[in-house]
Number of protein chains: 6
Amino acid sequence: MRPVTIERGWSAQAEGSALISFGATRVLCTASFTPGVPRWLAGKGTGWVTAEYSMLPRSTNERMQRESVKGRIGGRTHEISRLIGRSLRAVIDTKALGENTIVIDCDVLQADGGTRTASITGAYVALAEAVAWARARGHIAQKARPLIDSVAAVSVGIVDGVPMSDLAYVEDSRAETDMNVVVTGAGDFVEVQGTAEGAPFARAELDALLDLALVSAAELAELQRAVLHEGE
Amino acid sequence: MRPVTIERGWSAQAEGSALISFGATRVLCTASFTPGVPRWLAGKGTGWVTAEYSMLPRSTNERMQRESVKGRIGGRTHEISRLIGRSLRAVIDTKALGENTIVIDCDVLQADGGTRTASITGAYVALAEAVAWARARGHIAQKARPLIDSVAAVSVGIVDGVPMSDLAYVEDSRAETDMNVVVTGAGDFVEVQGTAEGAPFARAELDALLDLALVSAAELAELQRAVLHEGE
Amino acid sequence: MRPVTIERGWSAQAEGSALISFGATRVLCTASFTPGVPRWLAGKGTGWVTAEYSMLPRSTNERMQRESVKGRIGGRTHEISRLIGRSLRAVIDTKALGENTIVIDCDVLQADGGTRTASITGAYVALAEAVAWARARGHIAQKARPLIDSVAAVSVGIVDGVPMSDLAYVEDSRAETDMNVVVTGAGDFVEVQGTAEGAPFARAELDALLDLALVSAAELAELQRAVLHEGE
Amino acid sequence: MRPVTIERGWSAQAEGSALISFGATRVLCTASFTPGVPRWLAGKGTGWVTAEYSMLPRSTNERMQRESVKGRIGGRTHEISRLIGRSLRAVIDTKALGENTIVIDCDVLQADGGTRTASITGAYVALAEAVAWARARGHIAQKARPLIDSVAAVSVGIVDGVPMSDLAYVEDSRAETDMNVVVTGAGDFVEVQGTAEGAPFARAELDALLDLALVSAAELAELQRAVLHEGE
Amino acid sequence: MRPVTIERGWSAQAEGSALISFGATRVLCTASFTPGVPRWLAGKGTGWVTAEYSMLPRSTNERMQRESVKGRIGGRTHEISRLIGRSLRAVIDTKALGENTIVIDCDVLQADGGTRTASITGAYVALAEAVAWARARGHIAQKARPLIDSVAAVSVGIVDGVPMSDLAYVEDSRAETDMNVVVTGAGDFVEVQGTAEGAPFARAELDALLDLALVSAAELAELQRAVLHEGE
Amino acid sequence: MRPVTIERGWSAQAEGSALISFGATRVLCTASFTPGVPRWLAGKGTGWVTAEYSMLPRSTNERMQRESVKGRIGGRTHEISRLIGRSLRAVIDTKALGENTIVIDCDVLQADGGTRTASITGAYVALAEAVAWARARGHIAQKARPLIDSVAAVSVGIVDGVPMSDLAYVEDSRAETDMNVVVTGAGDFVEVQGTAEGAPFARAELDALLDLALVSAAELAELQRAVLHEGE
């Protein structure tokens, strides 16, 4: 894995925030807490967590057109936003959250591969900050435990026949198989998304990638824990 | 698995077509062949295969608003269209296809769970028909073999602790884990997409689901083969 | 006229449905019944019937781009959707319907001319099914008669100087004058839309086309009646 | 008919223009001539005439939202724009026009019923001015006769059982049947669009309306002729 | 300054209206009064004034595409709409207006430079008419004075080194510096917007332009006063 | 003025970049250099500089909806993007730039007032870096001087009767008059935009604000110079 750093509290305004780096990849994750839920959830006693992902136009090597200028959000952006949201909801007890909403924004400032896994890993830290913020102000009951576990994500792939973790952009484009794995702190799977970039892959390769993903995810979970304890 | 039927040549106008049913789920798959490729591929000697997925507004139990009326395509539609396209490209040798384009349309006429896996499985049959059509008319060289293998997809999930294949809508909404697996005729993986709907899932559950998916995919590959041989 | 067939109850989910064929033209019509009316009608004691028309991208000889992908509905689609809605409302007593809404979807699966007239003719059958469904479940009073009459539509045109009914696509493109006529079961006009494709047309030609349209519409009304009595 | 006036040359910038009034209804029609044709027509030696219709937001009794603000053009606007375009093309010999394009804009400044028929009638005058402008500057050959005939439109309806021509808004909303008829200077039909607003209408009513429409259209053709001769 | 004329009451339907000409520039300004305010203002006891600006497609020398056809409003249109709204609100006491909304529409019928300043100057007259209309009907209290002052706007620029007021299009495109100044009847500034078209401008030039703007604005204020007294 | 810092070269990928802070306001400015110009400029021997401004959704105290999600860019965003572009073009000699394009992106990471003036001031640094980058690689001739001067912007306002420079958000919302002034290194004006937030302002107030703006802009120009010399 490339060096991973997480800078907490980067934003002075958001209820939770983290600037996460996986090598040269840098994602700003903010969590916005608001009392109340969208209309379709009102009165059910449960909260809501959702996420939006976006890349700055010059986060990449060649400038991309802004989706606001195009007037619509592309398929890839949609996919990743939904993935981040599902990953976070897997470790949230929405009953314990109460009728509150947390929106996570993951904005990629610089992209060098692995932006979706960095986003999930950083988003968890921002989410945890926002939950703490809300408990401190009484929006969430003192005894409630809305966070069931931590969650982190890692990309794994096979490059020149060798399973590797956290691929940078150049490696990623050479990978034969590319897999994004979302794992809880307890080591269970939340999402497994594997795609054959070149040739379809055999069961044995899949197994090797899953083994590697669990190891790397455990390291990320450890880092998240350390970073969140710092402030205490 | 629910009863699966594939009716070839449903459309009088498309170069390839199949009406596929997985139980009450019915998807019309058409393949449109056109000589030439999009501008960004021109002059490279390779072809292009892409797919679009859509649901009729009353294919579901409650009427959905049309995406054309909303003025934009939702995240789920985008995701599934991209998945179908990637799955088909995994079994296409684009060099052998030459500078030709095949667009697959998967329109869900009736939905009762498993529409994305039915779409992929039916799309392959429409694609194979279109390749045969193009070869018969000389758009593809007689000796070229653009289709490397067949491809089929199956959804698997754990319901009440039991791994099950091809879930209907009612079962699907009770599933604890939901996985879509795309497999070649040779039994290799093209895509593995697993999502924890309820609790995160352990490695052992994942293994059981993958085993089951390979068995079901082999049955679908056999059916595809039989259906495509009929016309010969 | 080309052979016309109407298959009732094609959809397992809609409250009313019909798959109608005019020669090679095939349109799936579904009727979705929901209690309540749009906000602008609420509290007036009257119901609402509206319609949406769309063509599958490969219903035509050359693939068309989806309107959902374009991000907007074209003028022709708008025009036909409005025409279907007006035609159905002409035979509906909205007071007798009560504060209920019926949305008709006409999706063209295969197009060979006359898709708008096939849509109207099939839509009436789906509408009648939905009304019967709603009465059976008590959403509409037993004595209420929301359907005042039946309605059917036919295209007529002059080809090589001869008035003809229900033109297939090839004939239609050769027609000098093209007219769509919507007629009630009682033989009165709901809509008359005539367009000079080539030279403007004289009063005598218009009269000949209207005569022919009334004859063909009566045949369609008879077929609708037969099909709707089958199930009783 | 209400008093009709046509003021030619209202715009200092357009190649042709007319401000037409039907009673309190006022429409500004401009014709924009440009050498060349859209790409899909290029090289065929024929020209192109098209039209766009729009209403100012406060042309009506209650302010309407702008379609530019809504971000999309409504069905009614589409329908009328297409109707105006078809009507004008019926009297244009596109071969004689050569590879030139004329775009007609009909902007309703004040609406009191009959805006679409006023638009067509005024658009013809603007079109004729633009053709004369282009001939004077050599864009169209001296001998070419791109205008085959004149064209005008009138709305007719049955109010309290009596056929009436050119209905103002208040009458129009009371009309049982509403018909827009587009007629050439020679008295032939270009379009006939009749809609039963209330009860479906019988053949005899249709005949009465068509008779009346021909009489009114002849008056409008006479006025167009007079206005266009003024400037000579 | 070019000859300026203001024709009051041009629209039979709007609560206030003015057709203003600055030379060949002609703008139709209408004011639409409605009781009530947008939801975000409700219950605060204050009213709302806003404005929308638009150009007819052939108001300019070359036809522009409609923003409704493009599906979005351009940056320039947005800017000018906002400027008009701010300018009018500067002379409105929203408390005295009560919970009422006035929407001003400025539609450019013909453009020859200075459309935004003509719009503001004409909009004030339409606004004043609408306020009078509302007071006459009791929507605004007899004693309330919602209009604090009048407001007018003028463009000034430096052409060939000479400060000039109210530039026509040809002069405007030759101007080295272009400034739009919005001034109250009392001679205070509401907006000052200066842009260096060519070389940046020195403080002395800015002062000369501001002096000129105040003189011209005073003339416009005098004209507005005269026009509004006419009807009394 | 609040403390201003400019961090050059923040982005590893852009040809020029600067992270600028005005107090708690932080804007990431990147410059993307590409050989070639938009089609409408091609073959004229001149280059093009343009800018886009955007705010991250949680750069503000309450989360804003993304413009990409809304599907359109708001008026304020349009206005500021255009202002930044005009300001930069005022100090660019497009002939000397040659047929090259530089796009500046200003993304607000944290907003506490003055984001548009911070954007312009930082954008100039990114632009200067990109010009240096292009000269070093031979895209711009060694002798060419595309940058005529530097440019910086400052907001000034009157709070409690006292003219103040670089207002933070809280002060800004209390300001009676708000003015954004764009000034070259030589001390000439590029843009002057003053708006009366509360009461219209007198000539004397305007003069005081302009005096203050020139002083503050000179300090910013000095800082820009220092920052750009650092790397040499």
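What counts, and where the lines are drawn
Residues numbered from 1 in each chain as written. Chains lettered and ligands numbered in written order. Predicted model: local features only at pLDDT ≥ 70, side-chain atom pairs only at ≥ 80, totals over all residues. Heavy atoms only, no water. Helix = DSSP H or I, 4+ residues; strand = E, 2+ residues; numbered from the N terminus. Rg over C-alpha atoms; globule rule 2.2 N^0.38 Å. Buried < 20%, exposed > 50% of the residue type's maximum accessible area, 1.4 Å probe, protein only. Contact = heavy atoms within 4.5 Å. Areas by Shrake-Rupley, 256 points an atom, 1.4 Å probe, with all protein chains shown as cover. Lys, Arg positive; Asp, Glu negative; His and termini not counted. Charge placed at Lys NZ, Arg CZ, Asp CG, Glu CD. UniProt positions renumbered as here; feature names shortened; annotations may be inferred. Polar contact = N/O pair within 3.5 Å; in protein donor to acceptor, adjacent residues only side chain to side chain. Least-squares fit on C-alpha atoms with pLDDT ≥ 70 in both. Pairing = 2+ DSSP bridges. Axes fitted to C-alpha atoms, helices over the stretch in contact; angles between N-to-C directions. Buried area = accessible area lost by both parts, 1.4 Å probe. Salt bridge = Lys/Arg side-chain N within 4 Å of Asp/Glu carboxyl O. Parallel < 35°, antiparallel > 145°, perpendicular 65-115°, else oblique. Left-handed = near helix turned anticlockwise from the far one by under 90°. Nonpolar A, V, L, I, M, F, W, Y, C, P; charged D, E, K, R; others polar. Phe/Tyr/Trp six-rings, centres within 6.5 Å; stacked < 30°, edge-to-face > 60°. Lys NZ or Arg CZ within 6 Å of the ring centre and 35° of its normal. pLDDT = per-residue confidence, 0-100. Expected span 1.5 Å × (residues − 1).

1. Some remarks on the overall build of chain A
- Broken down by element type, chain A carries six helices and nine strands.
- The C-alpha atoms of chain A give a radius of gyration of 18 Å, which matches the 17 Å a tight globule of 232 residues would have.
- Its C-alpha atoms put chain A at 55 × 40 × 35 Å along the principal axes.
- The buried share among the 232 residues of chain A stands at 59%.
- Contacts in chain A between residues far apart in sequence, at least 24 positions, make up 68% of those at least 6 positions apart.
- Here chain A has roughly 8,800 Å² of accessible surface; of this, 51% comes from carbon and sulfur atoms.
- Between the mean site of the 23 positive side-chain charges and the mean site of the 29 negative ones, chain A shows a separation of 9 Å.

2. Things to note about the UniProt feature "binding site: phosphate" (unreviewed entry) in chain A
- The UniProt record marks A:Arg76, A:Gly114, A:Thr115 and A:Arg116 with the feature "binding site: phosphate" (unreviewed entry), using the residue numbering of this structure. Taking the farthest pair of C-alpha atoms as the criterion, the annotated set spanning 41 residues converges on one region, since that pair is 13.5 Å apart.
- With respect to the secondary-structure elements, A:Arg76 resides in helix H2 (residues 75-89).
- Not counting residues within four places of it along the chain, the set of residues in contact with A:Arg76 comprises A:Tyr53, A:Met55, A:Thr115, A:Arg116 and B:Arg82.
- A polar contact of 3.2 Å, which involves the side chain of A:Arg76, links it to the side chain of A:Tyr53.
- With respect to the element layout, A:Thr115 can be found in helix H4 (residues 115-136).
- What makes A:Thr115 buried here is its relative accessible area of 5%.
- Setting aside anything within four residues of it in sequence, one finds A:Thr115 in contact with A:Thr25, A:Val27, A:Tyr53, A:Arg76 and A:Val108.

3. Comments concerning the relation of the copies chain F and chain E
- Overlaying chain F with chain E gives an RMSD of 0.0 Å, the required rotation being 180° about an axis along which the chain moves by 0.0 Å. In short, the pair behaves as if placed about a two-fold rotation axis. By C-alpha distance to the rotation axis, the residue of chain F lying nearest is F:Gln193, at 2.2 Å.
- Mapped onto chain E, 100% of the interface residues of chain F again fall at the interface, so both copies present the same surface.

4. Here's the deal with the sheet that holds strand S1 (residues 4-8) of chain B
Residues and elements named next belong to chain B.
- One open sheet holds the five strands; their spatial order is S1-S2-S3-S5-S4, and the pairing between them is mixed. Single-partner strands in this sheet number two, and they are S1 and strand S4 (48-55). Averaged over all neighbouring strand pairs, the angle between strand axes comes to 15°, with direction disregarded.
- As paired elements, strand S3 (residues 25-35) and strand S5 (residues 100-110) share 10 bridges and run antiparallel to each other. Bridging across to S5, threonine 34 finds its partner in threonine 101.
- Its contacts with the sheet place helix H2 (residues 75-89) against S4 and S5, and it is angled at close to 145° to S4.
- Sitting on the sheet, helix H6 (residues 203-230) touches S1 and strand S2 (16-22), and the angle it makes with S1 is about 30°.

5. Some details on the UniProt feature "domain: Exoribonuclease phosphorolytic" (unreviewed entry) in chain A
- The UniProt feature table records "domain: Exoribonuclease phosphorolytic" (unreviewed entry) at residues 1-130 and 150-214 of chain A.
- Summarising residues 150-214 of chain A: 28% helix, 45% strand, and an end-to-end C-alpha distance of 14 Å.

6. Section: the pairing of strand S5 (residues 100-110) of chain D
Residue and element names in this part refer to chain D.
- Extensive coverage of S5 is indicated by the burial of 11 of its 11 residues.
- Note that strand S4 (residues 48-55) and S5 share eight bridges and pair parallel. Residue threonine 50 lies in a different strand from S5, and its bridge partner there is valine 103.

7. Points about the relation of the copies chain B and chain A
- Rotating chain B by 180° about the axis while translating it 0.0 Å along that axis superimposes it on chain A, leaving an RMSD of 0.0 Å.
- Of the residues that chain B buries at the interface, 100% are likewise interface residues in chain A, meaning the two copies contact each other through the same surface.

8. Brief notes about the sheet that holds strand S1 (residues 4-8) of chain A
Residues and elements named next belong to chain A.
- Reading across the sheet, the five strands line up as S1-S2-S3-S5-S4 and stay open at both edges, with mixed pairing between neighbours. Here the strands that pair on one side only, and so sit at the sheet edges, are S1 and strand S4 (48-55). Across the sheet, the mean angle separating the axes of adjacent strands is 15° when strand polarity is ignored.
- Across the face of the sheet, H2 comes into contact with S4 and strand S5 (100-110) while running at roughly 145° to S4.
- Here H4 sits on the sheet in contact with S1, strand S2 (16-22), strand S3 (25-35), S4 and S5, set at roughly 35° to S3.

9. Describing the interface of chain B and chain A
- Taken together, the contact pairs 28 residues of chain B with 28 residues of chain A.
- Ranking the residues of chain B by area buried against chain A places B:Glu79, B:Phe189 and B:Arg203 at the top, with a combined share of 24%.
- Across the chain B-chain A interface, the total number found is six salt bridges.
- Between B:Glu79 and A:Arg82 there is a salt bridge, with its nearest N and O atoms 2.6 Å apart.
- Taken together, chain B and chain A are joined by 14 residue pairs in polar contact (both at pLDDT 80 or more).
- For the side of chain B that touches chain A, the secondary structure elements donating two or more residues are H2, strand S9 (189-196) and H6 of chain B.
- A total of eight residues in the side of chain B that touches chain A trace back to one element, the largest contributor, which is S9(B).
- As defined by bridge partners, strand S9 (residues 189-196) of chain A adjoins S9(B) across five bridges and the pair is classed as antiparallel.

10. Digging into the packing of H2(B) against helix H4 (residues 115-136) of chain B
Residue and element names in this part refer to chain B.
- It is the contact of H2 with H4, at a shortest axis distance of 10 Å, that shows an interaxial angle of 40°. When the axes of H2 and H4 are compared, the pair comes out oblique. By crossing handedness, the relation of H2 to H4 is classed as right-handed. Across the interface between the two elements, Arg76, Glu79, Ile80, Leu83, Ile84, Ser87 and Leu88 of H2 pack against Thr115, Arg116, Ser119, Ile120, Ala123, Tyr124 and Leu127 of H4.
- Looking at the contact of H2 with H4 residue by residue, the class counts come to eight nonpolar, three polar and three charged.

11. Some points on the interface of chain F and chain E
- Taken residue by residue, the interface counts 28 residues in chain F and 28 residues in chain E.
- On the chain F side of the interface with chain E, the three residues burying the most area are F:Glu79, F:Phe189 and F:Arg203, jointly 24% of the side's total.
- At the boundary of chain F with chain E, the tally comes to 14 residue pairs in polar contact (both at pLDDT 80 or more).
- Among the elements of the structure, helix H2 (75-89), strand S9 (189-196) and helix H6 (203-230) of chain F are those that each provide at least two residues to the side of chain F that touches chain E.
- Its residues assigned to classes, the side of chain F that touches chain E comprises 12 nonpolar, seven polar and nine charged.

12. A short note on the packing of aromatic side chains
- Evaluation of the coordinates by the stated rule reveals 18 aromatic pairs over all chains.
- With a centroid separation of 5.0 Å and an interplanar angle of 80°, the aromatic rings of B:Trp40 and B:Trp48 are classed as edge-to-face.
- Exposure remark for B:Trp40: the relative accessible area of 52% places this residue in the exposed category.
- Over the aromatic face of B:Trp10 sits the side chain of C:Arg26, whose NZ or CZ is 4.0 Å from the ring centroid.

13. Overview of the environment of F:Ile92
Residue and element names in this part refer to chain F.
- Mapped onto the secondary structure, isoleucine 92 falls in the loop between H2 and helix H3 (94-97).
- Taking C-alpha positions, isoleucine 92 is 15 Å from threonine 121, a pair spaced 29 residues apart along the chain.
- When sequence neighbours within four positions are dropped, the list of residues in contact with isoleucine 92 reads Val49, Leu97, Leu127, Pro146, Leu147 and Ile148.

14. Comments concerning the confidence of the model for chain A
- Per-chain confidence: chain A averages 94 in pLDDT, with 99% of residues scoring 70 or above.
- Note on the complex model: pTM 0.86, ipTM 0.93.

15. What about helix H4 (residues 115-136) of chain C?
Residue and element names in this part refer to chain C.
- Here H4 spans 31 Å end to end across 22 residues, near enough to the 32 Å set by a 1.5 Å rise per residue.
- Most of H4 is tucked away, with 19 of its 22 residues classed as buried.
- Within two residues after H4, glycine 138 carries a phi angle of roughly 80°, on the positive side.

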